[in-house]
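Take a look at the letters that make up each chain.
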Amino acid sequence: MALHMINEANRCLNCKNPKCMEACPVHTRIPELIRMFKEQKLMEAGAVLFENNPMSVFCAIVCDHAAQCTGHCVLNHKGHPIRFYEIEQYVSDTYLDRMIVRRPEPKDKMAAVIGSGPAGMTVAIKLAEKGYPVTIFDEKEKIGGMLQYGIPDFRLPKTILDRYKKRLLEMGIRIRPNTGLGGALHIDDLFRDGYASVFIGTGTWRPKTLGLQGESLANVHFGISYLANPSAYDLGESVAVIGMGNVAMDVARTAFRHGARRVMLFARSSRIAASQVEREYTKLDGAEFIFGRGIRRFTEEGPVFEVYKMDENGAVTGSEGREELVRADSTIIAISQGPKNKLILTTAGLEGNEKGLLITDEKQMTTREGVFAAGDVVHGSMTVVHAVADAKVAAESMIEYMEREKP
Ligand SMILES: Cc1cc2nc3c(=O)[nH]c(=O)nc-3n(C[C@H](O)[C@H](O)[C@H](O)COP(=O)(O)OP(=O)(O)OC[C@H]3O[C@@H](n4cnc5c(N)ncnc54)[C@H](O)[C@@H]3O)c2cc1C
Ligand code: SF4
């Protein structure tokens, strides 16, 4: 492995105008980092990565590298792009264990972070690094948001989050688990108790429903709910998955690992929204991809579809005028998710758009003074690295805001 990574580093051309870096949403300084790696400056490289992207240790594993750094490396034209993410993973993982946490002089203003996903953790770290006392509130028991409760363990080992949490605590970040805001506690309570600014990084945790007959039957489930705790479900041997996005792929692959013998994924046209890597792994695991099926209703025997006609490009051209019952023990709906509206309903001045996503200005301030937001709750379901990019802006703005505002 080490030799492989060193070979990989040695192949890098150290481009003057690095396309890999340009294509990274947080513009990771890839050529410089590869240089440091070759010079065995592992800790320096780790610090550069962490400073630019505190989620680097996760991004190295879960980013869609084929669409970002690797996919844009100039060596693609020779068919052998640099797989920087392997180097990133090694460096970030090493750094996570060995980093020396220095706590600056504490500031007299404290901040609250609602949600411990990638956006919330990034903001908490950025504020703690500047000396602001930070408390993270999360309605779940464990930190990480979708890293913990969405992305399956076989793709992202949860032990990294346990190690990560130790570092957060060392930085002085305080965590209140099992504490959802918008229930017993409200954002106004946080201001009452002296928090000078509040960050919302609550993500998208409400599964989108289809509004079809049978959706509440015992053998029908929602993808993100299933992934949060798959062992709580008894899906049976055959599973139908509605949708072909990344969440649907994770659902299918998880179902196989929890005893399903047959997993079928259904989509209306032949467009697969999931990344190529995810789809290839799902096929490799043995899932069947079935196109030209529009879900009509759910039954105890399985889902019922309308069968569509498709042209040679896989586009739907009309209906065949018939329905098809697909026999399955369980059906899982994985067609996307939206934000919960608890905080909007309980916070004066906090506004969302027609999808319930929080409205922010270019500095990530919401429509409520002193309340900032980033990540999925602003943009809808995106990716870890996109949540980080906006969270960094939010943290900067919160610092600016707290410096400006007198107590
Ligand atoms: C199944 C699945 C697979 C994915 N795979 C990938 C992948 O491979 N690569 C990738 O880059 N991205 C992936 N994503 C997307 C990625 O996980 C998200 O874009 C990212 O986690 C968003 O970060 P966030 O901090 O905005 O929100 P989240 O990660 O959703 O975190 C939000 C946090 O807020 C907490 N919370 C919510 N409401 C409240 C409240 N009222 N009070 C207190 N706490 C609250 C939640 O418990 C949660 O901990 C995947 C998503 C899913 C669902
Ligand atoms: S584009 Fe490829 S070769 Fe050029 S600096 Fe980036 S990783 Fe190295």
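Because the structure is a prediction, the values reported are computed rather than measured.

**Student:** Give a description of the site of ligand 2 that names residues and reports values.
**Tutor:** Near ligand 2 there are 14 residues, and of these C12, C15, C20, C73 and I82 occur at the shortest range. Only α2 (19–22) and α3 (30–38) provide two or more residues apiece to the shell around ligand 2. Classifying every residue of the shell around ligand 2 by side-chain character gives 12 nonpolar, one polar and one charged.

**Student:** Pulling in residues and values, what's your account of the sheet that holds strand β13 (residues 330–333)?
**Tutor:** Pairing is parallel across the open sheet formed by five strands, whose spatial order is β6-β13-β7-β8-β9. Each edge of the sheet is formed by a strand with only one pairing partner; in this case those strands are β6 (220–222) and β9 (288–290). Taken pair by pair, the neighbouring strands of this sheet meet at an average axis angle of 25 degrees, ignoring direction. Here strand β7 (residues 238–242) runs beside β13; their pairing, made up of four bridges, is parallel. Within β13, the residue paired with V241 across the bridge is I332.

**Student:** Hey, could you go over unusual backbone geometry for me, with residue numbers and the actual values?
**Tutor:** Not every positive phi belongs to a glycine, and N14 is a case in point at roughly 50 degrees. With respect to the helices, strands and loops of the structure, N14 is situated in the loop between α1 (2–11) and α2. Under the C-beta neighbour-count criterion, N14 is labelled exposed, with 11 such atoms within 10 Å.

**Student:** Please provide a residue-by-residue account of the nonpolar core, values included.
**Tutor:** Buried together is how nonpolar side chains tend to be arranged in soluble globular proteins. Within the largest apolar cluster, 77 residues are counted, with the highest numbers of intra-cluster contacts made by A111, A124 and F199. For this core, the element with the highest residue contribution is helix α17 (residues 384–404), accounting for 10 residues. Mapping this core onto the domain boundaries places at least three of its residues in each of domain 1 (2–98) and domain 2 (110–205 + 339–404). For F199, the contacting residues outside a window of four places in its chain are A111, V113, I114, G120, V123, F372, A373, A394 and M398. Membership of the second largest hydrophobic core comes to 34 residues, among which are I242, A252, V263 and F266.

**Student:** Please give an account of the packing of α3 against helix α4 (residues 42–52) that cites residues and values.
**Tutor:** For the pair α3 and α4, the least separation of the axes is 8 Å and the interaxial angle reads 160 degrees. Taken together, the axes of α3 and α4 are roughly antiparallel relative to one another. Read as a crossing pair, α3 and α4 show a hand that is left-handed. Residues L33, M36 and F37 of α3 pack against E44, A45, V48 and L49 of α4. The residue makeup of the contact of α3 with α4, split by class, is six nonpolar, no polar and one charged.

**Student:** Kindly report on the environment of R368, identifying the contributing residues and their values.
**Tutor:** When you line up the elements, R368 lands in the loop between α15 (342–346) and β15 (371–373). On the basis of neighbour counts, which here come to 21 C-beta atoms within 10 Å, the residue R368 falls in the buried class. Remark: the alpha-carbon pair of R368 and H186, spanning 182 residues in sequence, is separated by 13 Å.

**Student:** Outline the site of ligand 1, listing residues and values.
**Tutor:** Not every one of the 42 residues close to ligand 1 is listed here, only the nearest: G115, G117, G145, G203 and G375. Counting only elements with at least two residues in the shell around ligand 1, the list comes to α8 (118–129), α9 (146–149), α12 (223–228), α13 (246–257), α15, α16 (376–379) and α17. Of the residues in the shell around ligand 1, the class split is 20 nonpolar, 15 polar and seven charged.

**Student:** Can you break down the packing of α8 against α17 residue by residue, with the values?
**Tutor:** Two numbers describe how α8 lies on α17: the axes approach to 8 Å, and their chain directions differ by 35 degrees. Note that α8 runs across α17; the crossing there is right-handed. Residue-level contacts link P118, A119, T122, V123, K126 and L127 of α8 to V384, A387, V388, D390, A391, K392, A394, A395, M398 and I399 of α17. Tallied by class, the residues present in the contact of α8 with α17 amount to 12 nonpolar, one polar and three charged.

**Student:** How would you summarise the sheet that holds strand β12 (residues 316–325) if you had to cite specific residues and measurements?
**Tutor:** Spatially, three strands are ordered β10-β11-β12 in an open sheet, and the strand pairing comes out antiparallel. If you trace the sheet from one side to the other, it starts and ends with β10 (293–299) and β12, each paired once. Taking the axes of each pair of neighbouring strands and ignoring which way they run, one obtains an average angle of 25 degrees across the sheet. Inspection of the sheet shows strand β11 (residues 302–310) paired to β12 by six bridges, in the antiparallel sense. If you follow E306 over to β12, its bridge partner there is E323.

The rules behind the values
Residues numbered from 1 in each chain as written. Chains lettered and ligands numbered in written order. Predicted model: local features only at pLDDT ≥ 70, side-chain atom pairs only at ≥ 80, totals over all residues. Near = placed C-beta within 6 Å. Helix = DSSP H or I, 4+ residues; strand = E, 2+ residues; numbered from the N terminus. Nonpolar A, V, L, I, M, F, W, Y, C, P; charged D, E, K, R; others polar. Pairing = 2+ DSSP bridges. Axes fitted to C-alpha atoms, helices over the stretch in contact; angles between N-to-C directions. Buried ≥ 20, exposed ≤ 12 C-beta atoms within 10 Å, placed from the backbone. Core = buried A, V, L, I, M, F, W, Y, C linked by C-beta atoms within 7 Å. Domains from an automatic or database assignment. Contact = placed C-beta atoms within 7 Å. Parallel < 35°, antiparallel > 145°, perpendicular 65-115°, else oblique. Left-handed = near helix turned anticlockwise from the far one by under 90°.

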